[in-house]
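A look at the structure
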Number of protein chains: 2
Amino acid sequence: MSQSLDNKKYAPVGVFDSGVGGLTVAREIMRQLPGERIVYFGDTARVPYGSKSRETIIRYSRQICRFLQDKGVKAIVVACNTASAFALEQVSLEFPLPIIGVVEPGAKVAALATRNGHIGVIGTEGTIGSQIYTKTIHVYRPGAEVVGKPCPLLVPLVEEGWLKDSVTIEVAQRYLSAFQESDIDTLIMGCTHYPLLRSTLQRILGDRVNLVNPAYETAQELKALLTEHGICNDGGKDEAGLQYQFYVSDAAEKFKSFANSILPCEIEEAQLIHIDE
Amino acid sequence: MSQSLDNKKYAPVGVFDSGVGGLTVAREIMRQLPGERIVYFGDTARVPYGSKSRETIIRYSRQICRFLQDKGVKAIVVACNTASAFALEQVSLEFPLPIIGVVEPGAKVAALATRNGHIGVIGTEGTIGSQIYTKTIHVYRPGAEVVGKPCPLLVPLVEEGWLKDSVTIEVAQRYLSAFQESDIDTLIMGCTHYPLLRSTLQRILGDRVNLVNPAYETAQELKALLTEHGICNDGGKDEAGLQYQFYVSDAAEKFKSFANSILPCEIEEAQLIHIDE
């Protein structure tokens, strides 16, 4: 192996999201690729992304990719569905790094998993409005019936910590009633916050509907990508000391406490940076 | 009157908020000061402010005041409770313009209006956490009992348009139950979104509790301030053509449509600008 590839192998993976949601993706990477180092950025000053325009999301994603590139990452995971929907194509063109999003992996597994070809997708206004899940599912399963439903209140409810609350159940029931006539057997949780509501969603939908968490599939795809490029880290060399580094654009303490409630490891610090400067 | 004062008299008033909430303040200014021109800025790319830190809110407010100053405004109204709580003092020091917020007017009227001295305040996490309403009320009514309650879900519910929905009633009931033991007779709607929920809040609290909308008092204070400086515009000279100008940092069409649903006039355009550049 060349010196250059060897250096790359030990470089961290960059992961970013509008805030804490992408931690569900970072968690899967930690579980499935325990040798990899991670630099995580959460854009907590500008959260949420779900109601913002394509142009704004591209501009923000570009700033973040530049930051991660400066941190020497070997690949980037766009761990936010809205940013994957709006900005992945553009930043992939602009940066000389392998970059993957969460939409393609989630769409692919749903297309392969459905038995009756009826798939539901829940996500932010941006993600659902972009129709990206429908388009990507049709690549893998032409003719699948895909029904999308924006659920703007689910992110604030998760952020409020009302994960199994009667209000959350009522709101989720109302959103999910959009699928009543579609006979879906598969539902994509198309926002990285939603896996935290998995048990609530499953109870409403019943066992017949299979819930897809794109975070799991994204970690699988990252593994395949790093292997393909010959830059997988088996954990043999941990030169930098800290395996996981966290950066945020605001409210570092709050982020740290949320992260420590869902990650398999303890975060010691989340560093504050001004991403727009 | 000097030429300089005369020029100032016909200059517009700057009004800003994290997004659409401040339109409830702009609406009051339009009603109470029909001769004034307004330049409104809504920071729709970075909304909401309520969960962000003091440092970030000061940075954002500074950028916006600079923009409004460049537009030649004669005074600025910080039409956002969180920005009033965190940034008003700082930007007042930095900019050579009269600047007022929404907290002082609301706190003052509540302090004068309460009969039993028990006042409730609802607002964002930032506003309530800052204790600014309590401190300001005590200036006008030392010894008043002030109980604050952050209501983070009310803004997303308003943005979703669920103004009289059963879910909104349930969420509001839960938040307002914080006041059950305090025997409040006055409640400050300490977030510019909340006046849109006035009838829902009033129904839950009953007629015995007086709801204070700081927007109304803020327009009154603006009038007093402009009169004091001798720069009130009686509408006698409308040199610039457009009386009301609207700028946003994202999603101009969505803003325009919301604005047209609550303002007494029709907006023709909301212009998109990059406030962080």
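These figures come from a predicted structure and were not determined experimentally.

The rules behind these values
Residues numbered from 1 in each chain as written. Chains lettered and ligands numbered in written order. Predicted model: local features only at pLDDT ≥ 70, side-chain atom pairs only at ≥ 80, totals over all residues. Heavy atoms only, no water. Core = buried A, V, L, I, M, F, W, Y, C linked by side-chain atoms within 4.5 Å. Buried < 20%, exposed > 50% of the residue type's maximum accessible area, 1.4 Å probe, protein only. Contact = heavy atoms within 4.5 Å. Buried area = accessible area lost by both parts, 1.4 Å probe. Salt bridge = Lys/Arg side-chain N within 4 Å of Asp/Glu carboxyl O. Helix = DSSP H or I, 4+ residues; strand = E, 2+ residues; numbered from the N terminus. Polar contact = N/O pair within 3.5 Å; in protein donor to acceptor, adjacent residues only side chain to side chain. Pairing = 2+ DSSP bridges. Axes fitted to C-alpha atoms, helices over the stretch in contact; angles between N-to-C directions. Least-squares fit on C-alpha atoms with pLDDT ≥ 70 in both.

Here the focus is the nonpolar core. For soluble globular proteins, the rule of thumb is that nonpolar side chains tend to be buried together. Core analysis: the biggest nonpolar cluster contains 83 residues, and Leu23, Phe246 and Phe255 of chain A have the highest contact counts within it. Once residues lying within four places of it in the same chain are set aside, the contact partners of Phe246 of chain A are Leu23, Met30, Tyr40, Phe255, Leu263, Ile267, Glu269, Ala270 and Gln271 of chain A. Val13, Leu23, Ile29 and Val102 of chain B belong to the second largest nonpolar core, which has 33 residues in total.

Turning to the interface of chain B and chain A, a few remarks are in order. Counting residues at the interface gives 32 residues for chain B and 32 residues for chain A. Of the roughly 2,500 Å² buried at the junction of chain B and chain A (both faces included), carbon and sulfur atoms supply 48%. Its largest share of buried area at the contact with chain A, chain B owes to Arg59, Leu153 and Arg174 of chain B, together 22% of the area lost on that side. Between the two partners, chain B and chain A, sit 8 salt bridges.

This brings us to the side chain of Thr192 of chain A. Residue and element names in this part refer to chain A. Within the secondary structure layout, Thr192 lies in the loop between β7 (186-189) and α10 (198-205). Of the residues examined, Thr192 reaches a relative accessible area of 8% and is grouped as buried. Polar contacts involving the side chain of Thr192 include one to the main-chain carbonyl oxygen of Gly21, which spans 3.5 Å. When residues no more than four places from it in sequence are discounted, the contact partners of Thr192 are Asp17, Gly21, Gly22, Thr24, Val25, Ala79, Cys80 and Asn81.

To continue, consider the pattern of salt bridges. Within the structure shown, the criterion is met by 24 salt bridges over all chains. Of the charged contacts in the structure, one is a salt bridge between Asp165 of chain A and Arg174 of chain B, with a shortest N-O distance of 2.5 Å. Here the residue Asp165 of chain A occupies a position in the loop between α8 (154-159) and α9 (166-176), and Arg174 of chain B occupies one in helix α9 (residues 166-176), the pair thus bridging two chains. A residue is classified by how much of its surface remains accessible, and Arg174 of chain B, at 28% relative accessible area, is partly exposed.

Residues and elements named next belong to chain B. Pairing is parallel in the open sheet, where 4 strands are placed in the order β6-β5-β7-β8. Strand pairing shows two members of the sheet lacking a second neighbour, β6 (145-150) and β8 (210-212), which therefore form its edges. For this sheet the average axis-to-axis angle between neighbouring strands, irrespective of direction, equals 20°. For strand β5 (residues 118-123) and β6, the ladder comprises 6 bridges, and the chain directions are parallel. Paired with Gly120 across the bridge in β6 is Val147. Running over the sheet, helix α5 (residues 103-113) touches β5, β7 (186-190) and β8 and is turned about 175° from β7.

Superposing the two chain copies requires a rotation about an axis and a translation along that axis. With an RMSD of 0.0 Å, the fit of chain B onto chain A corresponds to turning through 180° and sliding 0.0 Å along the axis. Those values place the two copies in the arrangement expected of a two-fold rotation axis. Relative to the rotation axis, the closest C-alpha in chain B is found at Arg46 of chain B, a distance of 2.4 Å. The overlap is high: 100% of the interface residues of chain B also sit at the interface in chain A, so the same surface is used on both sides.

Without other data, these values stay purely geometric and don't point to any function.
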